[in-house]
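Here is what each chain is made of, one letter per residue.
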Amino acid sequence: SSKMETKELDVNKTLPFGKIFIWKRYRYESLFYGCVFLDPSLMTVSISLRQIEEIAMTVSQRCHVSGVNEVAWALKALMLTDLTTLAGDDTAANVRRLCLRACYPFEPQFFDKFFDRALILEMHTAAVCVYPARVKDAYSTLQQYDKLDKVAIAAVATGFPTGQYGLQTRLQEISHAILCGATEIDIVINRQLALVGDWEALYNEVVLMRSACGQRAHLKTILAIGELGTMENVYKAAMACMLAGADFIKTSTGKETVNATLPVGLVMIFAIQEFKRRTCQIVGLKPAGGVRSVRDAIAWMTLVNETLGPHWLRPERFRFGASGLLDDIERVVREGVAKMEAEEALRNQVVKPEITEAEGFCKELRKK
């Protein structure tokens, strides 16, 4: 048939898009924000796991930092972090403490001696990440600290972490989170569709989620790479999500056995590069789960810097999803500053005896 077949999906009538028509053929002009037609040629890939592991390891080890440089990298990681709490016992009090720490990770006077005071305004995390039920708590706290324009509110949605819920329920969860104040939505993809290779169905679902976000919230798609089986599936899932309009592709929920690893990150970077080459559109990357130390963060930032470029290392294009990373960032920064203070004190001790000796020499000259 020369006519293009269509399938009508009834979705939540409270959502802004009412009924959506999803074309069953590949080549069409998308009706949605940032979507691109699902081109089968972009879904063809063959990956050598061994080569990917070797490249990821080699590239990530190109940067060795210590001392002041390590403090600088740690602070950079801080500004790229989505500070996260996704526990079953989260309460309003937990979220308020999380937001306070996201806004003010260090006391203001901490930076007085070695840093420009103006940097204090930039010393905050990129976002806080919570369940939809806790978005209101995050919003009210950030509003209280006048940080709504500085720290984004990310909400996990669409049946996090499994995604094993009906489509309408998942779309309604997105709308609920946005109405409560979320500015970023971290959705989980339907891994079942990826595992059976139904990329068109996966694409269609993410298109609907993109439309539910509209222009009110950025869309991050969680691939749950530990449950996709192969690197080829990781690449194809990433590509399908980007074609459907994702602003970020994210490695994991943090709840899987395998979360963010450098080889997987490299495969996702290759997908981002190919997508940019073919569409001229930029999509961000978010490793989540397993990034617990500053050393881990530096390895990831080095990988991104060497592949996507230094311009990618900013919150609009790269994030860490982490709950424990901030603890190590604080440790590294405080130890680094303490070391700088000790070195300065030592220099002063070395200089003072010389001054005293010179003064004594002058006195002796005067006597003579």
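Everything below is about the structure shown above.
Just so we're clear, the structure is a prediction, and the values are computed from it rather than from any experiment. Throughout this document, residue positions are counted from 1 along each chain, in the order its sequence is written. Local features in this predicted model are restricted to residues of pLDDT 70 or higher, and side-chain atom pairs are both shown and tallied only at a pLDDT of 80 or more, whereas totals for entire chains, interfaces and linings draw on every residue. Hydrogens and waters are ignored; side-chain quantities use all the structure's heavy atoms.

Engineer: What am I meant to see in the pairing of strand β4 (residues 127-130) here?
Structural biologist: Consecutive side chains of a regular strand alternate in pointing toward one face of the sheet and then the other. When accessible area is computed with a 1.4 Å probe and restricted to protein chains, residues below 20% of their type maximum are described as buried, those above 50% as exposed, and intermediate ones as partly exposed. A run of DSSP states H or I qualifies as a helix once it reaches four residues; a run of E qualifies as a strand once it reaches two. Both are numbered from the N-terminal end. Where burial is concerned, the two faces of β4 agree: the one with Ala127 and Cys129 and the one with Val128 and Val130 are both buried. By the bridge criterion, three bridges tie strand β3 (residues 81-84) to β4 in an arrangement that is parallel. Looking at β4, one finds that Asp82 is bridged to Ala127. Handedness of a crossover: with both strands directed away from the viewer, a clockwise path from the first strand across the helix to the second marks it as right-handed. Read from β3 through helix α3 (residues 92-103) to β4, the crossover connection turns out right-handed. Pairing geometry for β4 and strand β5 (residues 152-157), over four bridges, is parallel. From the neighbouring strand, Ala127 faces β5, where its bridge partner is Ala152. Traced from β4 through helix α4 (residues 135-144) to β5, the parallel crossover comes out right-handed. Should DSSP find at least two bridges between two strands, the strands are regarded as paired.

Engineer: How do you make sense of the packing of aromatic side chains when you look at a structure like this?
Structural biologist: Each aromatic ring pair is summarised here by two numbers: the centre-to-centre distance and the angle between the ring planes. Aromatic contacts are taken between Phe, Tyr and Trp rings whose centres are within 6.5 Å, Trp giving its six-membered ring; a plane angle under 30 degrees counts as stacked, one over 60 as edge-to-face, and the others as tilted. A complete count under the given rule lists four aromatic pairs for this structure. Between Phe106 and Phe110, the ring centres sit 5.2 Å apart and the planes meet at 10°, which makes this aromatic pair stacked. Both residues of the pair, Phe106 and Phe110, belong to the buried class. Geometrically, the ring pair formed by Phe318 and Phe320 is edge-to-face, given 4.9 Å between the ring centres and 80° between the ring planes.

Engineer: Just checking my understanding: could you explain the pairing of strand β6 (residues 184-188) for this structure?
Structural biologist: Counting buried positions along β6 gives five out of five residues, so the element sits mostly inside the fold. Judged by which residues are buried, β6 turns out to be covered on both faces: Glu184, Asp186 and Val188 on one side and Ile185 and Ile187 on the other are all buried. As defined by bridge partners, β5 adjoins β6 across four bridges and the pair is classed as parallel. Looking across to β6, one finds that Ala154 is bridged to Glu184. Handedness of the β5-helix α5 (residues 167-180)-β6 crossover: right-handed.

Engineer: Mind showing me how you'd approach α3 here?
Structural biologist: For an α-helix, the turn length of 3.6 residues means that residues three or four places apart are oriented alike. Here a helix's expected span is defined as the number of its residues, less one, multiplied by 1.5 Å. Under the 1.5 Å per step criterion, the end-to-end length of α3 is 17 Å for 12 residues, consistent within 8% with the ideal 16 Å. The complete set of buried residues in α3 reads Val95, Leu98, Cys99, Ala102 and Cys103. Down the axis of α3, the buried side of the element spans an arc of 125°, and every buried residue falls inside it. Here the arc refers to the set of directions running from the helix axis out to each C-beta atom.

Engineer: Help me out: how do you make sense of unusual backbone geometry in this one?
Structural biologist: Of all residues except glycine, most have a negative phi; of all peptide bonds, most are trans. For the bond running from Phe160 to Pro161, omega is 0°, close enough to zero to count as cis. The residue Thr158 is not glycine, and still its phi comes out positive at about 60°. As for its placement among the helices and strands, Thr158 is situated in the loop between β5 and α5. Of note, Ala224 is a non-glycine position whose phi angle comes to about 55°, a positive value. When its relative accessible area of 0% is taken as the criterion, Ala224 is described as buried.

Engineer: Is there a simple way to think about the environment of Leu228 in this case?
Structural biologist: Along the chain, Leu228 falls in the loop between β7 (218-222) and α8 (231-243). Once the C-alpha coordinates of Leu228 and Arg191 are considered, the two residues, 37 residues apart in sequence, prove to be 6.7 Å apart.

Engineer: Looking at this structure, how should I read the nonpolar core?
Structural biologist: Across soluble globular proteins, you tend to see nonpolar side chains buried next to one another. Here the nonpolar core consists of buried residues drawn from Ala, Val, Leu, Ile, Met, Phe, Trp, Tyr and Cys, with membership extended through side-chain atoms lying within 4.5 Å. Ile174, Ile185, Leu223 and Phe320 are the most contacted members of the largest nonpolar core, which has 109 residues in total. In terms of residue count, the dominant contributor to this core is α8 (10 residues). Excluding residues that lie within four positions of it along the chain, Leu223 makes contacts with Ile189, Arg191, Leu228, Val234, Ala237, Ala238, Cys241, Lys250, Thr251 and Met268. Formed by seven residues, the second largest nonpolar core is a distinct cluster that contains Ala154, Val156, Phe160 and Val188. What makes two residues a contact is simply this: any of their non-hydrogen atoms within 4.5 Å.

Engineer: Explain the packing of helix α7 (residues 199-213) against α8 to me, please; I cannot follow it from the model alone.
Structural biologist: Two numbers describe a pair of packed helices, the interaxial angle and the distance between the axes. Note on geometry: axes are C-alpha line fits, over the in-contact stretch for helices, and angles between N-to-C directions span 0 to 180 degrees. Packing of α7 against α8 leaves a shortest axis separation of 8 Å and a crossing angle of 40°. Taken together, α7 and α8 sit at an angle that is classed as oblique. Between α7 and α8 lies a crossing of right-handed hand. Two secondary-structure elements touch here, α7 through Trp199, Leu202, Tyr203 and Val206 and α8 through Asn233, Lys236, Ala237, Ala240, Cys241 and Leu243. By definition in this entry, angles of less than 35 degrees are roughly parallel, angles greater than 145 are roughly antiparallel, angles of 65 to 115 are roughly perpendicular, and the rest are oblique. Handedness of a crossing is defined here by the sense of rotation of the near helix relative to the far one, left-handed for an anticlockwise turn of less than a right angle and right-handed for a clockwise turn.

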